[in-house]
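Working through the structure, step by step
Read off the chains here:
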Amino acid sequence: MSETAQQYIQRILENLEGQEPLKVQAATAKKIEKLLKRVPPAKLRKRPAPDKWSITEIVTHLADTEMVGGYRMRMILATPGTPIAAFDQDVWVTSGHYDKRNARKSLEHFRALREANLALLKTLTPEQWKHHGIHAERGQESIEHMVRMFAGHDINHTKQIERIVTPNRKTGK
C-alpha cells in the first residue's frame, strides 16, 4: 500500500527529530562519501531487492532531487505562492537510467548542488524563510518546511545506504 502525502511528510520529518536541518544538509555528502569509500562498483549498482534501489540509484536520486529542490526554492523566492510540480521518482530512476550512472559522479553533482543551495539559504531574510509554494500533492510548503523535509530526506536515504553497505547492522526504520 502506498503512503499518503501526510504519511510521507510525517515519516520524513520524524527522521530529523532533534537535529538542526542545515547542519544535517551540510554533512550529508561527506557521510555518503565515507559510506561509499570501500564499496566496489558492482555492489554500488546491485539492488538489495528487486523493488529497492541500489546505492547508485539512491545517490543519483539525491542529486536530481537537490536540483529540483533548488529550482523550487528559487521559484518560491521569485514568486511566492507559485505552484510546485510533483514528479514520480520511480519514473525518473527508469527514464534517467540511474542504473547506468556512476555513483561517485552523482555524489559530486549532489555535493555541488547542495553547496549552491546552502549558500542561497544563508542569504535569506527571516521573511523569505516563510515564503511558500503550493505543492501539487502536499499543499502549501514554505522554504523553512522544505529545508526540514530535505534534511529528513537525506537521513532517510543515508540510512538506506548504510543498510546496503552493512546489511547486518541496524540503522533505524
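Here's a quick rundown of the structure.

We now examine the overall build of the protein. In terms of regular secondary structure, the protein is built from eight helices and three strands. In terms of overall dimensions, the protein is globule-like: its C-alpha atoms have a radius of gyration of 16 Å, near the 16 Å expected for 173 residues. Taking the principal axes of the C-alpha coordinates as reference, the protein spans close to 45 × 35 × 30 Å. Counting the 173 residues in the protein, one finds 43% classified as buried. Contacts in the protein between residues at least 24 apart in sequence constitute 76% of all its contacts with a sequence separation of at least 6. Counting only carbon and sulfur atoms, one obtains 55% of the accessible surface of the protein, whose full area is about 10000 Å². Positive and negative side-chain charges of the protein, numbering 29 and 20 respectively, have mean locations separated by a distance of 7 Å.

The sheet built from three strands is open, its strands ordered β1-β2-β3 with mixed pairing. The open sheet has two edge strands with one neighbour each: β1 (83-84) and β3 (139-142). Where β1 meets strand β2 (residues 132-135), two bridges bridge the pair, whose relative direction is parallel. The residue bridging I84 from the neighbouring strand is H135, located in β2. The strands that helix α4 (residues 55-78) touches are β1, β2 and β3; relative to β2, the one it contacts most, it runs at about 120°.

Let us look at the side chain of R72. Counting through the fold element by element, R72 comes out in helix α4. Although buried, R72 forms no salt bridge, and the nearest oppositely charged side chain, E141, lies 5.4 Å from it. Only 2.6 Å separates the side chain of R72 from the backbone oxygen of A85, close enough to count as a polar contact.

A few words on the side chain of H157. Inspection of the secondary structure assignment puts H157 in helix α8 (residues 143-165). Looking at H157, its side chain comes within polar contact range of the side chain of Q160, at 2.5 Å.

Here the focus is helix α1 (residues 5-16). For α1, spanning 12 residues, the distance from its first C-alpha to its last is 17 Å, which sits close to the expected 16 Å at 1.5 Å a residue. Along α1, the positions that sit buried rather than exposed are I9, I12, N15 and L16. Seen along its axis, α1 keeps its buried residues to an arc of 125°; they face one direction. On its buried side, α1 packs onto α2 (21-36) and α8.

Cut-off values and rules
Residues numbered from 1 in each chain as written. Predicted model: local features only at pLDDT ≥ 70, side-chain atom pairs only at ≥ 80, totals over all residues. Heavy atoms only, no water. Helix = DSSP H or I, 4+ residues; strand = E, 2+ residues; numbered from the N terminus. Rg over C-alpha atoms; globule rule 2.2 N^0.38 Å. Buried < 20%, exposed > 50% of the residue type's maximum accessible area, 1.4 Å probe, protein only. Contact = heavy atoms within 4.5 Å. Areas by Shrake-Rupley, 256 points an atom, 1.4 Å probe, with all protein chains shown as cover. Lys, Arg positive; Asp, Glu negative; His and termini not counted. Charge placed at Lys NZ, Arg CZ, Asp CG, Glu CD. Pairing = 2+ DSSP bridges. Axes fitted to C-alpha atoms, helices over the stretch in contact; angles between N-to-C directions. Salt bridge = Lys/Arg side-chain N within 4 Å of Asp/Glu carboxyl O. Polar contact = N/O pair within 3.5 Å; in protein donor to acceptor, adjacent residues only side chain to side chain. Expected span 1.5 Å × (residues − 1). Arc of directions from axis to C-beta.

All quantities given are derived from atomic positions and should not be read as evidence of function.
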